[in-house]
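Observations on the three-dimensional arrangement
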Amino acid sequence: MTDRRTFLKSAGLLTAAAALLSPSQIFARAKGGFSSKPNGKKELELEWCPFTAKMKHVFTISNSSRSTTPIVLTRITYDGYVGYGEAAMPPYLGETTNSAIDYLKKARPFLKTFKDPFMIGEIMAEMDAITTNNCAAKASIDIALHDLVGNMIGQPWWKIWGFNPKNCPYNSFTVGLASREEVLEKAKEAAAEGHLIKVKLGRTEEQDKMMINTIREVTDTTICIDANQGWKDKHYALDMINWLATKNVNMIEQPMPKLMLEETGWLTERSPLPIMADEACQRLTDVKKLYGHYSGINIKLMKCTGLHEAREMVSLAQALGMKLMIGCMTETSVAIAAGAQIAPVCEWTDLDGNWLIANDVFHSSTVEDGRIVPSSKPGLGLEMNKGVNLKYAAEE
Ligand code: MG
């Protein structure tokens, strides 16, 4: 009886506390981000804000260089709560600010037909059916919905899913193709902060080996390789991987073109290092096709339409005994905070997109001793940076 009374008393206190704390408390931390009055209706109100992420350094991979990335930030309000999302669109994905906004304009009225934001699975199925592509734009809705619903529940998603954040692996820091001096400087910086180093290979044998040997002049830190489909011959790829295995490398991402599935399977069978699919893995339906050919998958929210599908990919990969990695684009802390929710169940995390940009708008997850620490705050734990004033609206 005493137990029951204690329970009822504490339950009553919790309800009273919840009534006191939300949504006003959530609004308090979003203050400054609203250009208009927040939506107090039980209606999912979608708005967006085009944004250009300025990179700290020019970023070069095997076929391109750039210094900015187009982004569309999103916001969904409902019953006085708010959730933030993001579509990050590096040029090779084929989405643009205009194509994302066109999609969001189409999605907005469909979203309003849902009266319950907790129906994320059903909502995202409907959002997906609007167009064939627009994966990043779809992810911007999914991420905002997760932030919104997490804020309504009052918990972060890693906790709702039952993941232990202490299991987050060392995060990797990408060293792109650069001059010898820049490679040395970046490798030293990454090693000093306790990160793994991710190296982009896939040029000539001489250039690739020089890159690794240069890094090894300054640090023994574990290296992850991303060949970005650069190796076209399976025997050459195997020779390179055998050489890399002697250099404290622990993973090879997308060594061969994504369409060379059989050859990649041949390579995976013989490789001393796990072979991970990136370009070959976009959506949930790809996972089954890759099984038996790759050791695991690199999940990216901008490719798979967001956290709802990412969570399903995690379960399927786990059931198939495939390894997991969470990656990112050049993106703000909004999408990085979303990816960080999945980090505890991954063997590799490559969530460095927000460090690469000079004008981040929010903060949330952090990196401590080289590992991602997802925020303990509700939803995605997003807090707007001081002085940022984003104009969200339902118009261009
Ligand atoms: Mg990659």
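These lines cover the structure that appears in this document, whether it is placed above or below. Bear in mind the structure is a predicted one, so any value in this text is a computation, not a measurement. (Residues numbered from 1 in each chain as written. Predicted model: local features only at pLDDT ≥ 70, side-chain atom pairs only at ≥ 80, totals over all residues. Heavy atoms only, no water.)

Overview of the overall build of the protein chain
The following threshold applies: The secondary structure listing takes helices from DSSP runs of H or I that are at least 4 residues long and strands from runs of E that are at least 2 residues long, numbered from the N terminus. Type-normalised accessible area, obtained with a 1.4 Å probe on protein chains alone, sets the label of each residue: buried when under 20%, exposed when over 50%, and partly exposed for intermediate values. The criterion used for residue contact is that any of the two residues' heavy atoms lie within 4.5 Å.
What the protein chain contains, in helices and strands, is 14 helices and 15 strands. The buried share among the 396 residues of the protein chain stands at 55%. Counted over contacts in the protein chain with a minimum sequence separation of 6, partners at least 24 positions apart contribute 71%.

Quick look at the sheet that holds strand S4 (residues 172-175)
Note the threshold: When DSSP locates at least two bridges between a pair of strands, those strands are taken to pair. The axes used here are C-alpha line fits, helices contributing only the stretch in contact, and every angle between their N-to-C directions lies in the interval 0 to 180 degrees.
What the eight strands build is an open sheet, ordered S4-S5-S6-S7-S8-S9-S10-S11; its pairing is parallel. Where the open sheet ends on each side, the last strands, each with one partner, are S4 and strand S11 (348-349). Direction of pairing for strand S9 (residues 296-299) relative to strand S10 (residues 323-326): parallel, over a ladder of four bridges. What sits directly across from Gly-296, in S10, is Lys-323. Helix H13 (residues 307-319) rests against S9 and S10 of the sheet, and its axis sits at about 170° to S9.

What to know about the coordination of the magnesium ion
The criterion, for reference: Here a donor is any nitrogen, oxygen or sulfur atom (N, O, S) within 2.8 Å of the metal, with 3.2 Å used for Na, K and Ca; water is not among the atoms considered, so some sites may look incomplete.
With distances of 2.1 to 2.2 Å, the protein atoms coordinating the magnesium ion are Asp-226 (OD), Glu-253 (OE) and Asp-278 (OD). All donor residues of the magnesium ion come from one chain, and their arrangement in sequence is D-x26-E-x24-D. Of this pair, Asp-226 sits in strand S6 (residues 223-226) while Glu-253 sits in strand S7 (residues 249-253); the two residues are 27 residues apart in sequence, bridging distant segments of the chain. Among the residues examined, Asp-226 registers a relative accessible area of 0% and is labelled buried. When its relative accessible area of 0% is taken as the criterion, Glu-253 is described as buried.

Topic: the nonpolar core
The following threshold applies: Take the buried residues of types Ala, Val, Leu, Ile, Met, Phe, Trp, Tyr and Cys, join any two whose side-chain atoms come within 4.5 Å, and each joined set is a nonpolar core.
Residues Ile-141, Ile-225, Trp-231 and Ile-297 are the most contacted members of the largest nonpolar core, which totals 112 residues. It is helix H5 (residues 135-153) that contributes the most residues to this core, nine residues altogether. Once you skip the residues sitting within four places of it in the chain, Ile-297 turns out to touch Met-276, Ala-277, Cys-281, Val-287, Leu-290, Met-313, Ala-317, Met-322, Lys-323, Leu-324 and Met-325. Formed by six residues, the second largest nonpolar core is a distinct cluster that contains Leu-196, Cys-224, Met-276 and Met-325.

Focus on the pairing of S6
Put simply, the test is: Orient the strands so they point away from the viewer, and a crossover whose first-strand-to-second-strand path over the helix runs clockwise is right-handed.
Covered by surrounding structure in S6 are Ile-223 and Ile-225 together with Cys-224 and Asp-226, the residues of both alternating faces. Where strand S5 (residues 196-200) lies against S6, four bridges are found, and the strand directions are parallel. The residue of S6 that forms the bridge with Ile-197 is Ile-223. Regarding topology, helix H8 (residues 205-218) serves as the crossover connection from S5 to the parallel S6, and that connection is right-handed. Bridge analysis of S6 against S7 gives four bridges, and the strand direction is parallel. For Cys-224, the partnering residue across the bridge sits in S7 and is Met-251. Note that the unit made of S6, helix H9 (residues 234-244) and S7 has a crossover that is right-handed.

Quick notes on the pairing of S5
Taking burial as the measure, the five residues of S5 include five buried ones, the bulk of the element. Along S5, one buried face is formed by Leu-196, Lys-198 and Lys-200 and the opposite face, lined by Ile-197 and Val-199, is buried too. Viewed along the sheet, the connection from S4 through helix H7 (residues 180-192) into S5 turns out right-handed.

Quick notes on the pattern of salt bridges
What counts here: Basic side-chain nitrogens of Lys or Arg form a salt bridge, by our definition, when they fall within 4 Å of a carboxyl oxygen of Asp or Glu.
The tally for this structure, following the rule as stated, stands at 18 salt bridges. For Lys-112, the salt bridge goes to Glu-45, with nearest N and O atoms at 3.2 Å. Of the two residues, Lys-112 is situated in helix H3 (residues 97-112) and Glu-45 in strand S1 (residues 45-61); the sequence distance between them amounts to 67 residues. Residue classification places Lys-112 among the partly exposed positions, given a relative accessible area of 23%. We classify Glu-45 as buried; its relative accessible area is 15%. When the shortest N-O distance is used, the salt bridge between Lys-300 and Asp-278 registers 2.8 Å.

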